[in-house]
Amino acid sequence: MSLRHMENMPFHHSSPPGAQRTSWKPWIFYSTIVLFLLLCSLGTLVCTLLPFKTGNEHCAAKFGPLPSRWQMTPHEPPCVNQVADWKLEILHSGLYLTYVQVAPNTAYKEPAPFEVRLYKNEGILQTLTNNATIQNVGGIYEFHAGDIIDLLFNSENQVLKNNTYWGLYLIGTPQFVS
């Protein structure tokens, strides 16, 4: 049985000469653009309806590098309370920008793996495991009054504390419209 007669068969219905075939690719492209514009509009609407209340005085706290202690901006009422070195209690609910710089001790050769963790209460917010270079990390988190924020090291000798610090900055308090 020969398949020669199939070689000349078209795989699609032929269109009249000069007619343009419609393709699904432009529709996906245009749909993606419309979806993106809708998401941008929704984001603008949410930001407009949920304004943030910010005070005239900024509330911030920073610890490190050693031998310094906690440095806090004067703010009434205070937004954070020092619990211990590398540990704070949140007193004012809101959105906070956290920032951390960790300088690993490259001479550290103990069996414990390098690990630095930023905790909120008992939950891990971020973990650093790269001990090759200085790392800068952080993020924007919603903290509530009573939350305990803590920076813990697997071993105190894993980091160079004279070049390691962390802190947080109160960005604002969302005012939800009811």
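Residues numbered from 1 in each chain as written. Predicted model: local features only at pLDDT ≥ 70, side-chain atom pairs only at ≥ 80, totals over all residues. Heavy atoms only, no water.

**Student:** Requested: an account of the overall build of the protein chain, with residues and values cited.
**Tutor:** A count of helical and extended segments in the protein chain gives 1 helix and 11 strands. Starting at the N terminus and walking to the C terminus, you meet the elements of the protein chain as α-β-β-β-β-β-β-β-β-β-β-β. Scored against the burial criterion, the 178 residues of the protein chain give a buried share of 28%. Of all intrachain contacts in the protein chain linking residues separated by at least 6 positions in sequence, the fraction that spans at least 24 positions is 69%. Summed over all atoms, the accessible surface of the protein chain reaches about 12500 Å², with 60% contributed by carbon and sulfur. (Helix = DSSP H or I, 4+ residues; strand = E, 2+ residues; numbered from the N terminus. Buried < 20%, exposed > 50% of the residue type's maximum accessible area, 1.4 Å probe, protein only. Contact = heavy atoms within 4.5 Å. Areas by Shrake-Rupley, 256 points an atom, 1.4 Å probe, with all protein chains shown as cover.)

**Student:** So what about the side chain of Gln101? Which residues, and what values?
**Tutor:** Within the secondary structure, Gln101 is located in strand β6 (residues 94-102). Residue classification places Gln101 among the buried residues on the basis of a relative accessible area of 12%. In this structure Gln101 touches Ile134, Gln135, Asn136, Asn163, Thr164 and Tyr165, once residues within four positions along its chain are discounted.

**Student:** For the packing of aromatic side chains, give the residues involved together with the corresponding values.
**Tutor:** Following the criterion strictly, the structure yields 4 aromatic pairs and no others. Summarising the aromatic geometry, the rings of Tyr96 and Phe143 are spaced 5.6 Å apart at their centres and angled 35° between planes, so their arrangement reads as tilted. Of this pair, Tyr96 sits in strand β6 while Phe143 sits in strand β9 (residues 135-143), and the two are 47 residues apart along the sequence. The residues Tyr96 and Phe143 share a single accessibility class, namely buried. Here Tyr141 and Phe143 contribute two aromatic rings whose centre-to-centre distance is 6.0 Å and whose plane-to-plane angle is 20°, an arrangement assigned as stacked. With relative accessibility at 0%, the residue Phe143 sits in the buried group. Here a set of aromatic residues connected by ring pairs shows up, and it is made of Tyr96, Tyr141 and Phe143. The ring of Tyr165 carries Lys62 above its face, with NZ or CZ at 4.8 Å from the centroid. (Phe/Tyr/Trp six-rings, centres within 6.5 Å; stacked < 30°, edge-to-face > 60°. Lys NZ or Arg CZ within 6 Å of the ring centre and 35° of its normal.)

**Student:** So what about empty space enclosed by the protein? Which residues, and what values?
**Tutor:** Under the defined criterion, the tally for this structure stands at 1 cavity of 30 Å³ or more. Of the volumes computed, that of the largest cavity is approximately 40 Å³. When contributions to the lining of the largest cavity are tallied by element, the ones reaching two or more residues are β7 (116-120) and β8 (123-128). Among the residues making up the lining of the largest cavity, the classes are represented as 6 nonpolar, 2 polar and 1 charged. (1 Å grid on protein atoms, 1.4 Å probe; cavity = no way out; pocket = protein on both sides within 12 Å on 5 of 7 lines; lining within 4 Å. Points joined across faces, edges and corners; volume = space filled by probe spheres on them. Nonpolar A, V, L, I, M, F, W, Y, C, P; charged D, E, K, R; others polar.)

**Student:** Summarise the environment of Cys59; cite the residues concerned and give the values.
**Tutor:** By secondary structure assignment, the location of Cys59 is in the loop between β1 (52-53) and β2 (60-63). Residue class for Cys59 comes out buried when judged on its relative accessible area of 3%. A C-alpha to C-alpha distance of 6.4 Å links Cys59 and Cys79, two positions 20 residues apart in sequence.

**Student:** Pulling in residues and values, what's your account of the environment of Thr164?
**Tutor:** Topologically, Thr164 is positioned in the loop between β10 (148-153) and β11 (165-174). It is 6.2 Å that separates the C-alpha atoms of Thr164 and Gly64, two residues lying 100 residues apart in sequence. Non-local contacts of Thr164, meaning those with residues more than four positions away in its chain, are made with Phe63, Gly64, Pro65, Trp86, Gln101, Val102, Ala103, Phe153 and Val159. A distance of 3.0 Å separates a polar atom in the side chain of Thr164 from the backbone nitrogen of Ala103. Within the structure, the side chain of Thr164 is placed 2.9 Å from the backbone oxygen of Leu160, a separation counted as a polar contact. (Polar contact = N/O pair within 3.5 Å; in protein donor to acceptor, adjacent residues only side chain to side chain.)

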